[in-house]
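Overview (structure and organization)
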Amino acid sequence: MRETRVSVGNGLFVTFEGGEGAGKSTQIRLLADALRERGYKVLTTREPGGSPGAEAVRHVLLSGAAQDFGVRMEAMLFAAARSDHVEQIIRPAILGGTVVICDRFMDSSRVYQGVTGNLEPSFIEALERVAVNGVVPDCTIVFDLPAALGLERVHRRANTAMVPPGQEVGLDRFEREELETHEKRREAFLDIAAADPKRCHVVDAAQSASDIAAAVLSIVEPMLPGSGGGPRTEAAQ
Ligand code: TYD
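Residues numbered from 1 in each chain as written. Predicted model: local features only at pLDDT ≥ 70, side-chain atom pairs only at ≥ 80, totals over all residues. Heavy atoms only, no water.

Here's the deal with the sheet that holds strand β4 (residues 99–103)
Across the sheet, which stays open at both edges, the 5 strands sit in the order β3-β4-β2-β5-β6 with parallel pairing between neighbours. Of all the strands in the sheet, just β3 (42–46) and β6 (200–204) have a single pairing partner and so form its edges. This sheet shows a mean twist of 20 degrees between the axes of neighbouring strands, independent of strand direction. Bridge count for strand β5 (residues 139–144) against β6 is 5 bridges, and the pairing is parallel. (Pairing = 2+ DSSP bridges. Helix = DSSP H or I, 4+ residues; strand = E, 2+ residues; numbered from the N terminus. Axes fitted to C-alpha atoms, helices over the stretch in contact; angles between N-to-C directions.)

Considerations on the nonpolar core
The nonpolar side chains of a soluble globular protein tend to be buried with one another. Counting 24 residues, the largest nonpolar core has Phe16, Ile101, Ile141, Val216 and Val220 as the members making the most contacts within it. Put simply, the parts of the chain that give this core at least two residues each are β2 (12–18), α1 (24–37), β4, β5 and α8 (209–220). Excluding its chain neighbours within four sequence positions, the residues that come into contact with Val216 are Phe16, Leu31, Ile141, Phe143 and Val203. Counting 15 residues, the second largest nonpolar core, distinct from the first, contains Ala54, Val142, Phe189 and Ile192. (Core = buried A, V, L, I, M, F, W, Y, C linked by side-chain atoms within 4.5 Å. Buried < 20%, exposed > 50% of the residue type's maximum accessible area, 1.4 Å probe, protein only. Contact = heavy atoms within 4.5 Å.)

Quick look at the structure:
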């Protein structure tokens, strides 16, 4: 996908992407802690959701309430949620010098709705352009894991009786799909990373949590504001 960039703001926008059960949430927490320790202002957020409007849409999407209306409808709802999240939360934070770490973003739509939802690339591209409105991640970490391993983790999590307060239980609408579909998504994330190596970095999510955390930090560190990694960039409107 073509991205024309101009420089704005002082923050950094990092997204975490990958299949189910890859351990993104743990790693987001570890990265946020490490950056806060170094004195950075950090905001962690997630998609679908992250702003009041987008959280309302999240419920509709993950419960499967929109599934009967088709994948185009779902794709537009993901885009609507993303647009609200970008304008209400992400853009202002980056402009204020914050490091924003987001659990899933535009690449999840390219993969889940575009590739495994069989929507035509031009439709996905048009939605993406409107939704991100120039706010393209500076850095995307792609968590790579064999789909079977990820799903096994997800099932274990769903069956755990002790669920921390506020965390959702059971499998969501996307987790319920076939193994083959999950494997296709894994390939699609790797394809995106291969096509955009400046932005995307693949991390082997089968490693130990501490090895993954070290790998993630070594990717993000050189890009941090003030580290000589250059100003953050935003696609031209
Ligand atoms: P979530 O519980 O946040 O899952 P995960 O821990 O896997 O990130 O659920 C988000 C689900 O929504 C996940 O299955 C991927 C899917 N999704 C899309 O299909 N398209 C999108 O654009 C986004 C952001 C998520």
